[in-house]
Amino acid sequence: MKDPSNRSMPLTAAMVRFVDVAELIKARSISDEILRDMCEDYRLARATLTRMKKAKPRRPAEISEYTTLVSELEDEIIRRLLGDEERPTVNKE
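A. Structural context of the overall build of the chain. A count of helical and extended segments in the chain gives four helices and zero strands. Reading the chain from its N terminus to its C terminus gives the helix and strand order α-α-α-α. Within the chain, the fraction of its 93 residues that count as buried is 28%. In the chain, the proportion of contacts linking residues at least 24 apart, taken out of those at least 6 apart, comes to 59%. Total accessible area on the chain stands at roughly 6800 Å², and carbon and sulfur atoms take up 55% of it.

Put into structure tokens, the structure is as follows:
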């Protein structure tokens, strides 16, 4: 069983990114394991991207991949909060 005292840590990055809906993220995550997992994936992807941007030598292809991943996770989190996570992703290009 997961330690409930660590429950908010995976949410922190998403709550900071989406400050206007931070309380909604916190409230929904109590009963929504998928949302919690998405927030944890987002936190890890953001942390990795930050490390990559500071690393020498820089690896532009991997930075680009993680930038895309972070953006996609942000979209998924918002879709989950809006309750329409089943809709297909709209191509932004």
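B. Just the packing of helix 2 (residues 22–29) against helix 3 (residues 33–54), in detail. Between helix 2 and helix 3, whose axes approach to 8 Å, the crossing angle comes to 125 degrees. Comparing the axis directions of helix 2 and helix 3 gives the class oblique. Judged by residue contacts, I25, R28 and S29 of helix 2 engage L35, R36 and C39 from helix 3. In the contact of helix 2 with helix 3, the residues fall into three nonpolar, one polar and two charged.

C. Representation of the nonpolar core in the model. Of all hydrophobic cores here, the largest spans 18 residues; its most connected members are A14, I25, C39, Y42 and I77. Secondary structure elements with two or more residues in this core: helix 1 (12–17), helix 2, helix 3 and helix 4 (60–82). Take this core: its biggest share by element is seven residues, from helix 3. When neighbours within four sequence positions are excluded, A14 is seen to be in contact with I25, C39, Y42 and I77.

What counts, and where the lines are drawn
- Residues numbered from 1 in each chain as written.
- Predicted model: local features only at pLDDT ≥ 70, side-chain atom pairs only at ≥ 80, totals over all residues.
- Heavy atoms only, no water.
- Helix = DSSP H or I, 4+ residues; strand = E, 2+ residues; numbered from the N terminus.
- Buried < 20%, exposed > 50% of the residue type's maximum accessible area, 1.4 Å probe, protein only.
- Contact = heavy atoms within 4.5 Å.
- Areas by Shrake-Rupley, 256 points an atom, 1.4 Å probe, with all protein chains shown as cover.
- Axes fitted to C-alpha atoms, helices over the stretch in contact; angles between N-to-C directions.
- Parallel < 35°, antiparallel > 145°, perpendicular 65-115°, else oblique.
- Nonpolar A, V, L, I, M, F, W, Y, C, P; charged D, E, K, R; others polar.
- Core = buried A, V, L, I, M, F, W, Y, C linked by side-chain atoms within 4.5 Å.

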